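Listed below are the residues making up each chain.
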Amino acid sequence: MKQKLSVVKIGGNLIEDSEGCKRVLDLFSKLDGNKILVHGGGKKATELANQLGVESKMVNGRRITNSETLDIALMVYGGLYSKKIVAKLQALGTDAIGMSGADANAIRAHKRPKKNVDFGYVGDVDMVNTYGIFKLLQAGFTPIFCALTHDGKGQMLNTNADTIAAELAIAMSDQFETTLYYCFEKKGVLQDVGDDNSVIQHIDSKGYDELLAYGIIADGMLPKMHNCFYALRNHVAKVCVGNTNMLEADNSDYTTLTL
């Protein structure tokens, strides 16, 4: 029987909220078994870029990453946020280790090809070093991944944190029964975006198609749901979407996605 693994993704908004960050890390530290945390940080990167007089460009919600904005991403994701989270988890008794995709050759990617848009130093994942990550987990470490990968030739790349979480969960599913958690500000996928309590507690493939057809899943939820079902189709046991409360042992008020 496979051991369980939880892959939890949190956004930069949660890290910036000191109480929210403290709570999510406390709940994460109490999760049973093997676990991996993935964090974003785009909002802080944009804030720092503005302070430094570096223009931030976005296309369809995706960041254009030139050499200057890549350096800022390295500072914020791999430095500021990574070390703050690791230190807080150590205080909670979790032996965390801050990781980018370059550390231990954990996640290798290639620079996204130019099509309609040149995204610059943005990476699409090619390979996850499951053996290296397994050895870290086996040694009792909890990997904390930021939204950075590398190309194996010395170039760091900015990579979407939701995508990194999905790729990690997929890759580790050969060795573990993996659950992927996407923590964001809503309680889950909502039947009515104007009603925070209209959580749809379970969505399968058929239900997902219906929700798309009726336009209930739209806008910012579309790429998140795409990642969720991509993970499920690639042997992740289940995907959960909701706010921090879904990490509580006795809470069920969030959305669980299965095939």
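Residues numbered from 1 in each chain as written. Predicted model: local features only at pLDDT ≥ 70, side-chain atom pairs only at ≥ 80, totals over all residues. Heavy atoms only, no water.

J.: Give a detailed account of the overall build of the protein chain, specifying residues and quantitative values.
T.: Tallying secondary structure elements over the protein chain gives eight helices and 14 strands in all. By its C-alpha atoms, the protein chain is 45 × 40 × 35 Å across when sized along the principal axes. Counting across all 259 residues of the protein chain, residues that qualify as buried make up 50%. Taking as baseline every contact in the protein chain between residues at least 6 positions apart, the subset at least 24 positions apart corresponds to 70%. When the accessible surface of the protein chain is summed, it comes to about 12500 Å², and 49% of that surface belongs to carbon and sulfur atoms. For the protein chain, the separation between the mean place of its 28 positive charges and that of its 30 negative charges on side chains is 4 Å. (Helix = DSSP H or I, 4+ residues; strand = E, 2+ residues; numbered from the N terminus. Buried < 20%, exposed > 50% of the residue type's maximum accessible area, 1.4 Å probe, protein only. Contact = heavy atoms within 4.5 Å. Areas by Shrake-Rupley, 256 points an atom, 1.4 Å probe, with all protein chains shown as cover. Lys, Arg positive; Asp, Glu negative; His and termini not counted. Charge placed at Lys NZ, Arg CZ, Asp CG, Glu CD.)

J.: Please provide a residue-by-residue account of helix α5 (residues 130–138), values included.
T.: The set of residues buried in α5 consists of Gly132, Ile133, Leu136 and Leu137. Across the axial projection of α5, the buried residues extend over an arc of 135 degrees, all falling on one side. Set apart from the buried face of α5 by more than 90 degrees, the exposed residues are Tyr131 and Gln138. Once α5 ends, the next one or two residues include Gly140, with phi positive near 95 degrees. (Arc of directions from axis to C-beta.)

J.: I'd love a proper account of the sheet that holds strand β13 (residues 238–242), names of residues and values included.
T.: With mixed pairing, the eight strands of this open sheet are ordered in space as β5-β8-β2-β1-β11-β13-β14-β12. What marks the edges here is a single partner per strand, and that holds for β5 (96–99) and β12 (202–203). Sheet topology note: the β13/strand β14 (residues 255–257) ladder contains three bridges and is antiparallel. For Val239, the partnering residue across the bridge sits in β14 and is Leu257. (Pairing = 2+ DSSP bridges.)

J.: Mind laying out the packing of helix α7 (residues 205–213) against helix α8 (residues 221–233), listing which residues take part and the relevant values?
T.: Viewed as axis vectors pointing N to C, α7 and α8 meet at an angle of 165 degrees, and their least axial separation amounts to 12 Å. With respect to each other, α7 and α8 are oriented roughly antiparallel. Every pair of crossing elements has a handedness; the one defined by α7 and α8 is left-handed. Between α7 and α8, the residues in contact are Ser205, Tyr208 and Leu212 and Leu222, Met225, His226 and Phe229, respectively. Residue composition of the contact of α7 with α8, grouped by class: five nonpolar, two polar and no charged. (Axes fitted to C-alpha atoms, helices over the stretch in contact; angles between N-to-C directions. Parallel < 35°, antiparallel > 145°, perpendicular 65-115°, else oblique. Left-handed = near helix turned anticlockwise from the far one by under 90°. Nonpolar A, V, L, I, M, F, W, Y, C, P; charged D, E, K, R; others polar.)

J.: How would you summarise the packing of helix α2 (residues 18–30) against helix α4 (residues 67–91) if you had to cite specific residues and measurements?
T.: Running from amino to carboxyl end, α2 crosses α4 at an angle of 55 degrees, the nearest separation of the two axes being 10 Å. Comparing their axes, α4 and α2 come out oblique. Crossing hand, α2 versus α4: right-handed. Contacts from Cys21, Leu25, Phe28 and Ser29 in α2 reach Ile85, Lys88 and Leu89 in α4. Looking at the contact of α2 with α4, its residues break down into five nonpolar, one polar and one charged.

J.: With reference to specific residues and values, describe the side chain of Arg63.
T.: Of note, Arg63 is situated in strand β4 (residues 62–64). Despite its burial, Arg63 remains without a salt bridge, the nearest opposite charge being carried by Glu47 at 10 Å. A polar atom in the side chain of Arg63 sits 2.8 Å from the backbone oxygen of Gly42. At a separation of 2.9 Å, a polar atom in the side chain of Arg63 contacts the side chain of Thr46. Not counting the four nearest positions on each side in its chain, Arg63 is found in contact with Gly42, Lys43, Ala45, Thr46, Ser56, Lys57, Met58, Tyr77, Phe119, Val122 and Asn158. (Salt bridge = Lys/Arg side-chain N within 4 Å of Asp/Glu carboxyl O. Polar contact = N/O pair within 3.5 Å; in protein donor to acceptor, adjacent residues only side chain to side chain.)

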